[in-house]
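Each chain, letter by letter, is given below.
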Amino acid sequence: MKEGGRGNSSRLVNVITRVLVVGQIALTAALLIAATLQIKSIRNQTKLDYGYDDTSLYAARLALMEGTYPSEDSRREFFQRAVRTLRANPQFEAAAMTDRFRMTFAPNGQYEVDGQNYLTDRDRPTGNFESVSDNYFATLGLKIREGRDFTIDDSDSKQPVAIVNASFAGNTGAIKARSGIRFAFFNPGKEQPWRTIVGVVPDTLMQGPFDQLTEAAGFYMPLLGASRRRSLPL
C-alpha cells in the first residue's frame, strides 16, 4: 500500500508539474506575441503619413477644470487668450488648436447632404470630423484648395459652416466650395444644424494606427465658435 501510495503521489506531482510547465510556456508565448505587436504598432505609428510635415510641429494637450471654468463661454475665452498669446510669441511661427485626441484620433459619424434622398439609415455616408481654430491649416502647412479658412467670427449662432477635405468634397460634389452645398450630422434623436461648406482642404490622416478606416472623408468645424455636440458620440 505504501509503494502504491508513493506511486500515485509521484504521478500526480508529475501531472501538476507538466501542467505548470505548459502554462508557463503558453503565458511566455502570449507575452512575447503581445510585445511584438506593440513594437510593430509603435514602428507603424512613426512611419505614418499624416498628410503634412509633422517634424516641425510641437503638440501639447490641455484641459480645464470645471470649477475654474464652469461655462462654455469662459472656456472659449480662455482658449482664445491662449492662442493669441502663442501667436504673439516670436518662438512660434504659427499656432492653432484642435479637439482631436493626440492629433491622431478623430471621431466619426454619419451625415446627410441637403437635397439627397436616402432609402435607409445605412445609405447615409460616414465621415471623420474635427473642430479646429482659425489658422489651423496654415499651421500644418496645408493650402486651402477652394473657398476660405475659418475666422474667429465663425459661429453657429450666425451661420453654421464647415470645411471639408478632398475626399468629402468628391463624395458630395462640393469640388467648388462656393457652390454652397449644405450637410448635417445624422442624429435621429436631435435635429442638427445644416452646415454650409465654405472651404476644401487636402486629405490628412484623421485616424490612428490602431483604428484606421477605409473611408477618408472628413470635415472640420469652428472650434471657438461652434456649439458643443453633446448629443453626438465622441
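Values in this document were obtained by computation on a predicted structure and should not be read as measured data.

Chemist: Even after reading the chapter, I still don't get the pairing of strand S4 (residues 161-165), so can you show me in this structure?
Modeler: A regular strand places its side chains on the two faces of the sheet in alternate fashion. Most of S4 sits inside the fold, with five of its five residues counted as buried. The two faces of S4 match: Val161, Ile163 and Asn165 on one face and Ala162 and Val164 on the other face are all buried. Pairing analysis gives two bridges linking S4 to strand S7 (residues 218-222), with the strands arranged antiparallel. The partner of Ile163 across the bridge, within S7, is Tyr220.

Chemist: Hey, could you run me through the side chain of Glu112 in this one?
Modeler: Among the secondary structure elements, Glu112 is positioned in strand S1 (residues 108-113). A polar contact of 3.0 Å, which involves the side chain of Glu112, links it to the side chain of Arg124. Setting aside residues up to four positions removed in sequence, Glu112 forms contacts with Tyr118, Arg124, Phe183, Ala184, Phe185, Phe186 and Trp194.

Chemist: Quick question: what am I supposed to make of the pattern of salt bridges here?
Modeler: It is possible for side chains of opposite charge to pair when their charged atoms get near one another. Tallied over the entire structure, the rule returns nine salt bridges. One salt bridge in this structure joins Asp73 and Arg76, with 2.9 Å as the shortest N-O distance. Placement of both Asp73 and Arg76 in helix H2 (residues 72-88) is noted, with a separation of three residues, approximately one turn of the helix. Look at Asp73 and you get partly exposed, because its relative accessible area is 49%. Residue classification places Arg76 among the buried positions, given a relative accessible area of 18%. For the salt bridge of Arg195 with Asp156, the shortest nitrogen-to-oxygen distance reads 3.0 Å. Of this pair, Arg195 sits in strand S6 (residues 195-201) while Asp156 sits in the loop between strand S3 (146-147) and S4; the two residues are 39 residues apart in sequence, bridging distant segments of the chain.

Chemist: I would appreciate a short explanation of the packing of aromatic side chains in the present structure.
Modeler: The relation between two aromatic rings is expressed through the spacing of the ring centres and the mutual angle of the planes. In total, this model carries 14 aromatic pairs according to the counting rule given. Arranged with centres 5.0 Å apart and planes meeting at 90 degrees, the rings of Phe137 and Tyr220 form a pair that is edge-to-face. With a gap of 83 residues between them, Phe137 in helix H3 (residues 136-139) and Tyr220 in strand S7 connect regions that are remote in the sequence. We note that Phe137, like Tyr220, is buried. In textbook terms, an aromatic cluster arises when at least three aromatic residues are bridged by ring pairs, as seen for Tyr111, Phe129, Phe168, Phe183, Phe185 and Phe219. The side chain of Arg124 reaches across the aromatic face of Phe186, ending 4.1 Å from its centre.

Chemist: Even after reading the chapter, I still don't get the environment of Tyr69, so can you show me in this structure?
Modeler: Topologically, Tyr69 is positioned in the loop between helix H1 (2-46) and H2. Owing to a relative accessible area of 19%, Tyr69 belongs among the buried residues under this scheme.

Cut-offs and rules
- Residues numbered from 1 in each chain as written.
- Predicted model: local features only at pLDDT ≥ 70, side-chain atom pairs only at ≥ 80, totals over all residues.
- Heavy atoms only, no water.
- Buried < 20%, exposed > 50% of the residue type's maximum accessible area, 1.4 Å probe, protein only.
- Helix = DSSP H or I, 4+ residues; strand = E, 2+ residues; numbered from the N terminus.
- Pairing = 2+ DSSP bridges.
- Polar contact = N/O pair within 3.5 Å; in protein donor to acceptor, adjacent residues only side chain to side chain.
- Contact = heavy atoms within 4.5 Å.
- Salt bridge = Lys/Arg side-chain N within 4 Å of Asp/Glu carboxyl O.
- Phe/Tyr/Trp six-rings, centres within 6.5 Å; stacked < 30°, edge-to-face > 60°.
- Lys NZ or Arg CZ within 6 Å of the ring centre and 35° of its normal.

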